[in-house]
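# Geometric and topological summary
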Amino acid sequence: MSTSSKRETFEAAQSRSFALEAELETHPDCFRMLTGDRPTGPLHIGHLFGTLLNRVRMQELGVDVFVLVADYQTITDRDLPDELRADVLGLVADYLAVGIDPDRATIFAHSQVKALNQLMIPFLSLVSVAELKRNPTVKEEFTASGGSAMNALLFTYPVHQAADILFCRANVVPVGKDQLPHLELARLIARRFNDRFSHQRSFFPEPNALLSQAPLVLGLDGTKMSKSRNNSITLVMDEDETARLIKTAKTDSHRRITFDPIHRPEVSNLLLITSLCTGETPEVIADEVADRGSGYLKARLTEALNERLRPIRRRRREVSKDPVLLSTVLARGSEQASAIADQTLGQLRGLMNMSY
Ligand code: ATP
Ligand code: MG
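In what follows, the accompanying structure is described. (Residues numbered from 1 in each chain as written. Chains lettered and ligands numbered in written order. Predicted model: local features only at pLDDT ≥ 70, side-chain atom pairs only at ≥ 80, totals over all residues. Heavy atoms only, no water.)

The secondary structure content of the chain amounts to 15 helices and five strands. Here the C-alpha radius of gyration of the chain, 21 Å, is about what a compact globule of 356 residues would show, namely 21 Å. Across its three principal directions, the C-alpha atoms of the chain cover 75 × 50 × 50 Å. For the chain, buried positions account for 53% of its 356 residues. Long-range contacts, defined as pairs at least 24 residues apart, comprise 77% of the intrachain contacts of the chain with a sequence gap of at least 6. Only carbon and sulfur atoms are counted for the fraction: they give 52% of the accessible area of the chain, which is about 16,700 Å². Charged side chains in the chain number 43 positive and 45 negative. The centres of these two groups are separated by 2 Å. (Helix = DSSP H or I, 4+ residues; strand = E, 2+ residues; numbered from the N terminus. Rg over C-alpha atoms; globule rule 2.2 N^0.38 Å. Buried < 20%, exposed > 50% of the residue type's maximum accessible area, 1.4 Å probe, protein only. Contact = heavy atoms within 4.5 Å. Areas by Shrake-Rupley, 256 points an atom, 1.4 Å probe, with all protein chains shown as cover. Lys, Arg positive; Asp, Glu negative; His and termini not counted. Charge placed at Lys NZ, Arg CZ, Asp CG, Glu CD.)

In structure tokens form, the structure reads like this:
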């Protein structure tokens, strides 16, 4: 895809996301939100500002919230890690720490919801190999994993993700920019399923991405902040480590600090994160830092971020002391998700003349 058509796709998703914001505020009861994360390590500030805060906001608006631990997706690009269980429970701890409330939201692991995974079969019939091959995020994740050969699960990852979203007929999906190609495919699958099996009345909604003000938080090395790239500030980290790592963040050679995301992505990223912590605009912070340079900016960011994360980190320490609570939350959520997935699969089989 050319850079300009990539930009157009992003801009189209962004304007749909803006329109969605207004509707969510006025009719939260018309929405069901689903999103999730891979249990490949602790969540970082890219997650926080890219999607977690939007999830909590949806919950507070009264949207029906589903959050998924995408455990099957850990085996797309790595060996089964010994610490998977700890990573899964750690993810649940991160969710509770940021304010996702298990009494209002359904938190589940997709490996535990059998009927959800069965949706993969009809969905795989609705997309071509060429369409899957074009997915830029899969290509990027494959390259980042340094793997020797693309396995079929990684190749079909976006189809699995469509099953994750559509099993509960979610229509809003708070995600970062990297997930937009996947979401586009989920929309296509919903459309094609309806055309092929349910043309009288749309069975699946076309899910919309909800983007935040920080759809792509950069890591310390200037590439996308990712759990797997060793370039993150995590929610679980302590304040000293946060300070030490921010000192290592990549910047550029200009002393004067300005907010210019296109030409100065690394410095602008530090400004944006600071601004998301303090509520000031990145431009105001840039003017204040000005000739004091990146060292001063980093000190300003460290202070703002540690302060913003303090209550989240406190809560995370508390909930982590109670692994029974964490696994109970997950078991209960997985049971609730299974009831919905069973119902969806039953209806789907009806539409596909497969009820015998
Ligand atoms: P991994 O390296 O294992 O792929 P990740 O850090 O990319 O981990 P995911 O679990 O793949 O995290 O992504 C979970 C959600 O967080 C997705 O909605 C994704 O768009 C969002 N997200 C991840 N990284 C960022 C980031 N740097 N900025 C904004 N959003 C992000
Ligand atoms: Mg990822």
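Alright, that's what it looks like, and here's the rest.
Turning our attention to unusual backbone geometry. Notably, arginine 169 is not glycine yet its phi reads approximately 55°, a positive angle. For arginine 169, the position within the fold is in the loop between helix H9 (157–166) and strand E4 (172–174).

Using the criterion set out here, one finds 21 salt bridges in the structure. Two residues, glutamate 266 and lysine 250, come together in a salt bridge whose shortest N-O distance is 3.5 Å. Of this pair, glutamate 266 sits in helix H12 (residues 265–278) while lysine 250 sits in the loop between helix H11 (239–247) and H12; the two residues are 16 residues apart in sequence, bridging distant segments of the chain. Lysine 250 sits in the partly exposed class, given a relative accessible area of 43%. One salt bridge in this structure joins arginine 300 and glutamate 280, with 3.0 Å as the shortest N-O distance. (Salt bridge = Lys/Arg side-chain N within 4 Å of Asp/Glu carboxyl O.)

For the rest of this paragraph, the subject is the site of ligand 1. For ligand 1, the set of nearby residues contains 23 residues, the closest of which are Thr40, Asp178, Lys224, Lys227 and Ser228. A distance of 2.6 Å separates an oxygen atom of ligand 1 from a polar side-chain atom of threonine 40. Contacts to ligand 1 include lysine 227, whose side-chain N or O atom sits 2.6 Å from an oxygen atom. With the chains in place, 97% of the 600 Å² that ligand 1 exposes on its own is no longer accessible. Breaking the shell around ligand 1 down by element, the ones donating at least two residues are strand E1 (32–37) and helix H2 (45–61). Of the residues belonging to the shell around ligand 1, the class tally is six nonpolar, eleven polar and six charged. (Near = heavy atom within 4 Å. Polar contact = N/O pair within 3.5 Å; in protein donor to acceptor, adjacent residues only side chain to side chain. Nonpolar A, V, L, I, M, F, W, Y, C, P; charged D, E, K, R; others polar.)

For the rest of this paragraph, the subject is the side chain of glutamate 266. When its relative accessible area of 15% is taken as the criterion, glutamate 266 is described as buried. Among the polar contacts listed, one links the side chain of glutamate 266 to the side chain of lysine 250, at a separation of 3.5 Å. What glutamate 266 contacts, discounting residues up to four positions off in sequence, is Leu218, Gly222, Lys250 and Thr251.

The next point concerns a nonpolar patch on the surface. Judged by side-chain polarity, Tyr72, Ile75 and Leu80 come together as a nonpolar surface patch covering roughly 290 Å² of accessible area. Secondary-structure assignment places tyrosine 72 in the loop between strand E2 (64–69) and helix H3 (84–98). (Patch = residues over 30% accessible without salt bridge, like charges linked within 9 Å, V, L, I, M, F, W, Y side chains within 5 Å.)

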